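A structural walkthrough
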Amino acid sequence: MSKPNSSRTPTAAHTTNVAQRLNLILLGPPGAGKGTQARAIAAHLGLHHLATGELFRQHMRRRTPLGAQARDYYDRGAYVPDNLVVAMVREELAALDPESGLVLDGFPRTVAQAEALEQILRERRQRVDAVIELASDTEEIVRRAQGRRVCPQGHTYHTVNNPPRAAGRCDVDDLPLQQRVDDRPETVRTRIETYRTETQPLIAFYGERGLLRSVDGARPIEKVTERIQAVLDGIGVC
């Protein structure tokens, strides 16, 4: 990705430092590929990947008070209330270097969360730089979710797109792979409907701020990654 035009040619170190302060948001229905793309962008730009789904699971595994409150909502495929999500994200960001940039995956999901994020970033003397919406068809998302498998340590596979070397076993720690409750078809459809009801207002929220760009999330993974990188380059944020 290139830097915006300027009167001076930036050094490689300067370019890296600027990229590391970027704050990017990925929007899209559950299963649209936000996690896969967020990891790719974070690795490419040296950003911290904050995935609220994994954050919830960490809290639930550790049986923290926030995790205990979130579990009932999470297992039903319902959204965790704004106050719990914001509390988890605020706690996570408080532990980061204030100069660290972010790729936010699964947060914010409501306008109230977006407003809370603006406040948190102001406290870090940062802002949201770009919002990428991954658009995808419901049945394609259900198909993808049905093939997803995870190990207890959070390593993720797909029975078709990214199978483990040994069927049903994690490549990293040889633990058995499982299908998450929230990847079952009925739960996926519930979560997509909830997304459309509660998260779609974010499209207008960020569109009004001139931050929103839409990318076809149904294309092959590497093509989606290339398109996101081209979008970010085109709007001059890296």
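Above this note sits the structure.
Description of the structure in this document. (Residues numbered from 1 in each chain as written. Predicted model: local features only at pLDDT ≥ 70, side-chain atom pairs only at ≥ 80, totals over all residues. Heavy atoms only, no water.)

Some details on the overall build of the protein
Cut-off, in case you're wondering: Helix and strand labels come from DSSP, where a helix needs a run of H or I of at least four residues and a strand needs a run of E of at least two; each type is numbered from the N terminus. Within these notes, the globule rule equals 2.2 Å times the number of residues to the 0.38 power, and the radius of gyration is based on C-alpha atoms. It only takes one pair of heavy atoms within 4.5 Å for two residues to be counted as in contact. Only the protein chains shown count as covering a residue, and every accessible area follows the Shrake-Rupley method with a 1.4 Å probe.
If you tally the helices and strands in the protein, you get 10 helices and seven strands. Scaling as 2.2 N^0.38, a compact globule of 238 residues should have a C-alpha radius of gyration of about 18 Å, and the protein matches this with 18 Å. Overall size of the protein, expressed as C-alpha extent along the three principal axes, is 55 × 40 × 35 Å. Looking at the protein alone, contacts between residues at least 24 apart form 71% of all its contacts between residues at least 6 apart. For the protein, the exposed area adds up to about 12000 Å²; of that, 48% sits on carbon and sulfur atoms.

Quick notes on the sheet that holds strand β2 (residues 48-51)
For the record, the criterion: Think of it this way: DSSP has to see at least two bridges between two strands before they count as a pair. Every angle, taken between N-to-C directions, lies between 0 and 180 degrees, and every axis is a line fitted to C-alpha atoms, over only the stretch in contact when it is a helix.
One open sheet accounts for five strands, arranged β2-β3-β1-β4-β7; its pairing is parallel. Across the chains shown, the open sheet's two edge strands, defined by having one partner strand only, are β2 and β7 (212-216). Between one strand axis and the next, the sheet turns by 20° as a mean value, whatever way the strands run. In terms of strand pairing, strand β1 (residues 23-27) meets strand β4 (residues 130-135) through four bridges, oriented parallel. Bridge assignment links Leu-26 to a residue of β4, and that residue is Ile-132.

Things to note about helix α9 (residues 201-208)
Rules: Only protein chains enter the calculation, and the probe is 1.4 Å; a residue is then buried if its accessible area is under 20% of its type maximum, exposed if over 50%, and partly exposed in between. Arc definition: it is the arc formed by the directions from the helix axis to the C-beta atoms.
What α9 keeps buried is the set Leu-202, Ile-203, Phe-205 and Tyr-206. Take α9 and look down its axis: the buried residues cluster within an arc of 165°, on one side only. Gly-210 sits one or two residues past α9 and shows a positive phi near 70°.

Considering the packing of helix α3 (residues 52-62) against helix α4 (residues 65-75)
Going by this rule: By definition in this entry, angles of less than 35 degrees are roughly parallel, angles greater than 145 are roughly antiparallel, angles of 65 to 115 are roughly perpendicular, and the rest are oblique. Working rule for handedness: look at the near helix, and if it is turned counterclockwise from the far one by less than a right angle, call the crossing left-handed; if clockwise, right-handed. Under the scheme applied here, ten amino acids are nonpolar (Ala, Val, Leu, Ile, Met, Phe, Trp, Tyr, Cys and Pro), four are charged (Asp, Glu, Lys and Arg), and all others, including Gly, are polar.
Across the interface, α3 lies against α4 with an axial gap of 8 Å and an inter-helix angle of 120°. Between α3 and α4, the interaxial angle falls into the category oblique. Our pair here, α3 against α4, has a crossing hand that is left-handed. In this structure, α3 contributes Gly-53, Phe-56, Arg-57, His-59 and Met-60 to the contact, and α4 contributes Leu-66, Gly-67, Arg-71 and Tyr-74. When the residues that make up the contact of α3 with α4 are grouped by side-chain class, the tally is four nonpolar, three polar and two charged.

Some remarks on the nonpolar core
Selection rule: For our purposes a nonpolar core is just a set of buried Ala, Val, Leu, Ile, Met, Phe, Trp, Tyr and Cys residues, chained together by side-chain atoms within 4.5 Å.
Counting residues in each nonpolar core, the largest one holds 35 residues, and the members touching the most others are Ile-25, Leu-27, Leu-117, Val-128, Val-131 and Tyr-206. Those elements giving two or more residues to this core turn out to be β1, α3, α4, α5 (82-94), β3 (102-105), α6 (111-123) and α9. A per-element tally of this core places α5 first, with six residues. Contacts of Leu-117, omitting those with residues within four sequence positions, involve Ile-25, Leu-104, Phe-107, Pro-108, Val-128 and Tyr-206. Formed by 24 residues, the second largest nonpolar core is a distinct cluster that contains Leu-26, Ile-41, Leu-45 and Val-142.

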